[in-house]
Amino acid sequence: SHTILLNKRPVGRPELSDFKTITEDQPTINSGEILLKTSYVSVDPYLRGRMSDAKSYAEPFELNKPMVSGVIAEIVESQNEKFKVGQFVSGMLAWKQFQKSSGEGLRVVDTSEVGESVYLGALGMTGMTAFLGLTEIGKPKKGETIIISGAAGAVGSIVGQIGKILGCRVVGIAGSDEKVNMLKSQFGFDEGINYNTTENMAEAIKKACPDGVDVYFDNVGGEISDAVLYSINRFARMIICGAISSYNETETVKGLSVQPFLVKNSALMQGFILGNYAEKFPEATSQLLEWFKEGKIKSEETVVEGFENIPQAFIDLFDGKNKGKMVVKA
Ligand code: NDP
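Residues numbered from 1 in each chain as written. Predicted model: local features only at pLDDT ≥ 70, side-chain atom pairs only at ≥ 80, totals over all residues.

An unreviewed UniProt entry annotates the chain as NADP-dependent oxidoreductase originating from Flavobacterium frigidarium.

### Description of the overall build of the chain
Here is the rule we go by: Each helix is a run of H or I in the DSSP string that is no shorter than four residues. Each strand is a run of E no shorter than two, and both are numbered from the N terminus. The globule rule used here is 2.2 Å times the number of residues to the 0.38 power, and the radius of gyration it is set against is calculated over C-alpha atoms. Three exposure classes are used, based on other C-beta atoms lying within 10 Å of a residue's own C-beta, which is placed from the backbone: buried for 20 or more, exposed for 12 or fewer, and partly exposed in between. Contact definition: two residues whose C-beta atoms, as placed from backbone geometry, lie within 7 Å.
Along the chain, the regular secondary structure elements total 9 helices and 15 strands. Relative to the 2.2 N^0.38 estimate, which gives 20 Å for 330 residues, the radius of gyration of the chain is 20 Å and therefore close to what a compact globule would have. Considering only C-alpha atoms, the chain reaches an extent of 65 × 45 × 35 Å along its principal axes. The burial tally for the chain puts 43% of its 330 residues in the buried class. Of the contacts made within the chain by residues no fewer than 6 positions apart, 66% connect residues no fewer than 24 positions apart.

### Examining the UniProt feature "domain: Enoyl reductase (ER)" (unreviewed entry) in the chain
The condition that has to hold: UniProt positions are given in the numbering used here, feature names are shortened, and annotations may be inferred rather than shown by experiment.
Listed under "domain: Enoyl reductase (ER)" (unreviewed entry) in the UniProt record, and renumbered for this structure, are residues 12-328. Secondary structure content for residues 12-328 is 27% helix and 26% strand, while the C-alpha to C-alpha distance between its ends is 23 Å.

### Some points on the packing of helix H5 (residues 201-208) against helix H6 (residues 222-229)
To characterise two packed helices, one gives the angle between the axes of the helices and the distance between these axes. Put simply, the rule reads: Helix axes are fitted to C-alpha atoms over the stretch in contact, other axes to C-alpha atoms as well, and angles between N-to-C directions run from 0 to 180 degrees. Geometric relationships in this document are graded by angle, where less than 35 degrees denotes roughly parallel, more than 145 denotes roughly antiparallel, 65 to 115 denotes roughly perpendicular, and other angles denote oblique. Left-handed describes a crossing whose near helix is turned anticlockwise from the far helix through less than a right angle; right-handed describes the clockwise counterpart. Gly is put with the polar residues, along with every residue not named as nonpolar or charged; the nonpolar set is Ala, Val, Leu, Ile, Met, Phe, Trp, Tyr, Cys and Pro, and the charged set is Asp, Glu, Lys and Arg.
With their axes 8 Å apart at the nearest point, H5 and H6 run at an angle of 50° to one another. By the angle class used here, H5 and H6 are oblique. Between H5 and H6 lies a crossing whose hand is right-handed. Contacts between H5 and H6 involve Met201, Ala202 and Ile205 from the first element and Ile224, Ala227 and Val228 from the second. For the contact of H5 with H6, the per-class residue count stands at 6 nonpolar, no polar and no charged.

### A few points about the domain arrangement of the chain
Selection rule: Domain borders in the structure are assigned automatically or taken from a domain database.
The domains assigned to the chain are domain 1 (2-119 + 301-329) and domain 2 (125-275). The centre of domain 1, based on its C-alpha atoms, is set 29 Å off from the matching centre of domain 2. Of the residues lining the interface, 15 residues belong to domain 1; the matching set on domain 2 comes to 15 residues. Counting only elements with at least two residues in the side of domain 1 that touches domain 2, the list comes to helix H1 (47-51) and strand S15 (325-329). For the side of domain 1 that touches domain 2, the per-class residue count stands at 5 nonpolar, 6 polar and 4 charged.

### Description of the site of the ligand
Formally: Put plainly, near means the residue's C-beta atom, positioned from the backbone, lies within 6 Å of the molecule or strand in question.
Within the structure, the ligand sits among 30 residues, and Gly153, Ala154, Gly175, Gly242 and Gly320 are positioned closest to it. By residue number, the principal contributor to the shell around the ligand is helix H3 (residues 154-165), which donates 3 residues. Looking at side-chain class alone, the shell around the ligand contains 16 nonpolar, 12 polar and 2 charged residues. Shared between two domains, the shell around the ligand holds at least three residues of each, these being domain 1 (2-119 + 301-329) and domain 2 (125-275).

### Observations regarding the sheet that holds strand S9 (residues 169-174)
Cut-off, in case you're wondering: Whether two strands pair depends on DSSP finding at least two bridges between them.
If you walk across this open sheet you meet the 6 strands as S10-S9-S8-S11-S12-S13, and the pairing is parallel. Where the open sheet ends on each side, the last strands, each with one partner, are strand S10 (191-194) and strand S13 (268-271). Along the sheet, successive strands turn relative to each other by an average axial angle of 15°, direction set aside. One ladder, built from 5 bridges, connects strand S11 (residues 213-218) with strand S12 (residues 232-240); its direction is parallel. Counted as the bridge partner of Tyr216 is Met238 from S12. Sheet strands in contact with helix H2 (residues 125-138) are S11, S12 and S13, and its direction is about 145° off that of S12. Against the sheet, H3 engages strand S8 (145-149), S9 and S11, with an angle of about 165° to S9.

### A few points about unusual backbone geometry
Phi at Asn64 takes a positive value of approximately 60°, unusual for a residue other than glycine. Residue position: Asn64 is located in the loop between H1 and strand S4 (68-78). Of note in the backbone geometry, Lys139 takes a positive phi value of approximately 40° without being a glycine. Residue placement: Lys139 occurs in the loop between H2 and S8.

Here is the structure:
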């Protein structure tokens, strides 16, 4: 059975040598325990932060210890009456092909109607981030304009679809024409902007948002966010969900001063961390499931085959190789 460890802390862009794969014996279980076979592994941009030792909202990973992320696993042996062989569970688990667990913190997921991996995306942390960030901080009203950075990614693609359900004009920013086309044809976005081929982002945003921006859902930060500020309306709300453009920077990046934009427009900018909304998770998951079953939310995934390819799939997030949620089929 293979396990992937954090080998060294990345400097700048993560590399394959930051990870190490070792071979271990398959664990044996005792009374009260279950044996899990990893089925799907989620790779997420926030893991980059945990690979560093800088203090953040999540504890840093330890060197020479297994990497951990959202995992869907099949129960292959059980000595715990709450869990049956053949069921699938979702939880924060180690990057191991096989592992044992007491079952604590694991949730059995119903895979009869929904594909396993959707619980890592639209119906998991990703979907809840999109839903709670947008509704709790963004509070969009019908007819308002929402602009989303990282729009073709896991969180962004769900934010846009929820924005359409709520009756808003939705504009997405992404890194290729193919992604921009997908936003419009597959997810119902009204407009899309390819930041890699657009010379003047502030102008392009103005054009795509003729009534200005009421809600900005930010996944990337940096220059893209600077450009959005020129179009914000009075009382605009900005959800700072992530800043992937800076995750691999080794020095603090100096950008535009946002304060004048906020003052002039009485605008709100607030950082979002999913963990702060734990009491709303049941409400969020049942709403997402309802929309998913009604076909109002589509789950796009990029599935990488092979447990050994987890590190490469993670690195590829920083090159935008994914459309929708990046997952690895173990
Ligand atoms: P994504 O699926 O969006 O994957 C990352 C995407 O970011 C890539 O596909 C790429 O798309 C884009 N990207 C990569 N580098 C850059 C760059 N330098 N500038 C602009 N875009 C870039 O990941 P997630 O949906 O899982 O996460 C999105 C954001 O939300 C992340 O910042 C993440 O940290 C954050 N997040 C925060 C949570 C919270 O609780 N606060 C919870 C979950 C996620 P493209 O081709 O368009 O460049």
